[in-house]
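Understanding the architecture of this molecule
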Amino acid sequence: MYTARMKIVFFGTPDFALPTLQKLVESRHEVALVVSRPDRPVGRHQVLIPPPVIEAARAFDLECLQPSSLKSNEIDTSLRDSGADAAVVVAYGKMIPGRLLEIPRHGFINLHPSLLPRHRGPSPIQWALVCGDRATGVTTMQIDEGMDTGPLLLQQRVPIQRGETAEMLAPRLAEIGAELVVRTLDELEEGSLTARPQPSDGSNTTPMLRRNFAKIDWTMPARQLVNRLRGFTPWPGLYTKFRGGRLKIFGLVEVKPPPRGSENPGTVVSADPEGVVVRCGKGTAVKITEVQREGRRRMPVDAFLIGERVSRGEAFG
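Residue positions are given per chain, counting from 1 as you read along its sequence in written order. Given that the model is predicted, a residue must reach a pLDDT of at least 70 before its local features are reported, and side-chain atom pairs must reach 80 or more before they are shown or counted; all residues, however, enter totals for whole chains, interfaces and linings. Hydrogen atoms and water are omitted, and side-chain values are computed over all heavy atoms in the structure.

Some thoughts on the sheet that holds strand E6 (residues 86-90)
Here a strand pair is declared whenever DSSP counts at least two bridges between the two strands. Going along the chain from the N terminus, every DSSP run of H or I of four or more residues is numbered as a helix, and every run of E of two or more is numbered as a strand. With mixed pairing, the seven strands of this open sheet are ordered in space as E5-E2-E1-E6-E7-E8-E9. Only two strands of the sheet have a single neighbouring strand rather than two, namely strand E5 (64-65) and strand E9 (152-159). Note on contacts: a residue pair is in contact if any heavy atoms of the two residues lie within 4.5 Å. For helices, the fitted axis covers only the stretch in contact; all axes are lines through C-alpha atoms, and the angles between them, taken along N-to-C directions, range from 0 to 180 degrees. Relative to strand E1 (residues 7-12), helix H3 (residues 73-82) is tilted by about 145°, and along the sheet it contacts E1, strand E2 (30-35), E5 and strand E7 (108-112).

Considering the pattern of salt bridges
Whenever Lys or Arg places a side-chain nitrogen within 4 Å of a carboxyl oxygen from Asp or Glu, that contact is recorded as a salt bridge. Summed over the entire model, instances satisfying the criterion amount to 19 salt bridges. The partner of arginine 223 in a salt bridge is glutamate 254, and the shortest N-O contact between them spans 2.8 Å. Pair noted here: arginine 223 is in helix H6 (residues 222-231) and glutamate 254 is in strand E11 (residues 245-254), with a separation of 31 residues, a long-range link. Think of it in three bands: with a 1.4 Å probe and only protein chains considered, a residue is buried below 20% of the maximum accessible area for its type, exposed above 50%, and partly exposed in between. You can call arginine 223 partly exposed: its relative accessible area is 41%. Residue classification places glutamate 254 among the partly exposed residues on the basis of a relative accessible area of 23%. Its salt-bridge partner being arginine 243, residue glutamate 314 comes within 2.7 Å of it at the nearest N-O pair. Here glutamate 314 is found in the segment after helix H7 (301-307), whereas its partner arginine 243 is found in the loop between strand E10 (238-242) and E11, with 71 residues between them in sequence. Among the residues examined, glutamate 314 registers a relative accessible area of 17% and is labelled buried. Salt bridges sharing partners connect three or more residues here, namely Arg243, Arg293, Arg296, Glu308 and Glu314.

A look at the packing of aromatic side chains
Here a Phe, Tyr or Trp ring, Trp counted by its six-membered ring, pairs with any other such ring whose centre lies within 6.5 Å, and the pair is stacked when the planes are under 30 degrees apart, edge-to-face when over 60, and tilted otherwise. As enumerated under the stated definition, the model contains eight aromatic pairs in all. Each ring, one from phenylalanine 242 and one from phenylalanine 316, has its centre 5.5 Å from the other, and the planes form 40°; the classification is tilted. A residue pair is termed long-range when its members are at least 10 positions apart, and phenylalanine 242 in strand E10 and phenylalanine 316 in the segment after H7 qualify at 74 residues. Both residues of the pair, phenylalanine 242 and phenylalanine 316, belong to the buried class. Members of the aromatic cluster, connected to one another through ring pairs, are Trp218, Phe242, Phe304 and Phe316.

Things to note about helix H2 (residues 52-59)
For H2, the set of buried residues is Val53, Ile54, Ala56 and Ala57. Relative to the axis of H2, the buried residues are bounded by an arc of 165° and lie together on one face. Buried residues along H2 sit against E1, helix H1 (18-26), E2 and E5. Directly after H2, the chain includes aspartate 61, whose backbone phi takes a positive value near 60°. It is the directions from the helix axis to the C-beta atoms that the arc portrays.

Here's the deal with the nonpolar core
Side chains of a nonpolar character, in soluble globular proteins, are inclined to be buried together. Note on terminology: a nonpolar core comprises buried Ala, Val, Leu, Ile, Met, Phe, Trp, Tyr and Cys residues joined through side-chain atoms within 4.5 Å. With 37 residues, the main nonpolar core has Phe10, Phe16, Leu21, Leu24, Val34, Val88 and Leu185 as its most contacted residues. No other element matches helix H5 (residues 166-190), which puts ten residues into this core. When neighbours within four sequence positions are excluded, valine 88 is seen to be in contact with Ile8, Val9, Phe10, Phe11, Thr20, Leu24, Ile109, Val181 and Leu185. Counting residues in each nonpolar core, the second largest holds 30 residues, with Val278, Val286, Phe304 and Phe316 among its members.

Here we look at unusual backbone geometry
For the bond running from leucine 116 to proline 117, omega is 15°, close enough to zero to count as cis. Along the polypeptide, proline 117 turns up in the loop between E7 and helix H4 (124-130). Of note, the bond from threonine 233 into proline 234 is cis; its omega dihedral lies within 30 degrees of zero at 15°. Structurally, proline 234 can be placed in the loop between H6 and E10. The backbone phi angle of aspartate 148 is positive, close to 60°, even though this residue is not glycine. Secondary-structure assignment places aspartate 148 in the loop between strand E8 (135-142) and E9. Located in the positive-phi region is arginine 243, a residue other than glycine, with phi close to 50°. The class of arginine 243 is partly exposed, set by a relative accessible area of 42%.

Notes on a nonpolar patch on the surface
Together, Val42, Val47 and Ile49 line one region of the surface with nonpolar side chains, adding up to about 230 Å² of accessible area. Relative to the helices and strands, valine 42 resides in strand E3 (residues 40-42). The partly exposed category is assigned to valine 42, whose relative accessible area is 45%. Nonpolar side chains (Val, Leu, Ile, Met, Phe, Trp, Tyr) within 5 Å and like charges within 9 Å form the patches, drawn only from residues with over 30% relative accessible area and no salt bridge. To measure how exposed things are, a 1.4 Å probe is used in the Shrake-Rupley method; for residues, cover is taken only from the protein chains shown.

Quick look at the environment of aspartate 81
Tracing the backbone shows aspartate 81 in helix H3. Assessed through its relative accessible area of 64%, aspartate 81 is described here as exposed.

As for H1
Given 3.6 residues per turn, any residue in an α-helix points the same way as the ones three and four places further on. Within the span of H1, buried status applies to Pro19, Thr20, Leu21 and Leu24. Of the surrounding secondary structure, the elements contacted by the buried residues of H1 are E1, E2, H2, E6, E7 and H5.

Details of the environment of valine 9
Locating valine 9 in the fold gives a position in strand E1. Separated by 85 residues in the primary sequence, valine 9 and lysine 94 have C-alpha atoms spaced 15 Å apart. Leaving out residues up to four positions away in the same chain, valine 9 has contacts with Leu33, Val35, Leu79, Ser82, Ala84, Ala86, Ala87 and Val88.

Just distances and angles here, no functional claims.
Set out below in C-alpha cells:
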C-alpha cells in the first residue's frame, strides 16, 4: 500500500475550514503549520477572540501563525522552515501573494465551494442560491495570481436541496470538500493527478456580500426574491420598510399561481394567519410567513398579525 505523506501548511479562518483541518489531521499527511487571521475584538468590551481555525489547531497541538499581513518576510521564512510539500487554503480570507506560490513543491491548493469556473470570487455558496442553481459543488485547484482562475485538480458536483439556505448548504459543502482535499493530496503525491486549465466559457465572479443587499426590491419577480432570501440567510438577510420601521423577513414562499390583480409591486394583496401575500414584479406574488419587527422577537406571521392589522392595499417599501 502507498503510504508516503506530505507536509502541509494549512491556511484557513472560519468554521467552513474546520472539516478540512480535521480530515488533514486524521490523514496520512502531516500538518506542519496552521496560518490564520489575527484575533478579532468582539462585543461591547472588544474582547479578542481567536478564529475558529486557531482554536481547533491549538486543540490539535499544532503550530500556529497569525500574521497581520502576508507582505512581510515572516510568512516566507515560516513556509520554508516548515518543509511544506503543499499549502492548503480553505476560506483564509486574503489573496496569496505570488512570491509564496512557488515555495511548496506542489504549490498552493485551494478548496473552492463551487464548480469552477462558475461562481469565482468571495461568496460562491450564496450566489449559487441567489442565481437559482439546481446544483453546485466543490473544486480543488492550484492557486495562481488571479481570482480563482488557477488550474483545476478535482471537482465533485453537489445537488442543492429544495428550500436549502446558505446556512444549510455551507456545512454540507465543507464536509464534502474536506474529503476532496485529502483525495487531492493523495493523488498528487502518488503522481496520478494532473492539473488542467479552467474552461474559457461559463465563468462569472461573485461580489462580496454587502449589508445593502438585504433591502427587498419588490419589482423583482417572486422566485428571485425567494432565492435571495435563501442565499442571504443568515447574512445579510432580507428586510422591507413597514410603517416607518424595518421588518425583517425570515419566511418567504412564491405563490403559484399568483393571485389576479394589477397592484403595484410591494402592495399587500391579502393578509391572514397563513401569510401576508405581496405583489412582486412581473405580476408574481410571494407569501410572507415569518417576520421580525425592530426591537422585537422573530415570530410566525399569524402571531405578528395579532398585533399588527395589516390590510389589503397597504404598501411595503
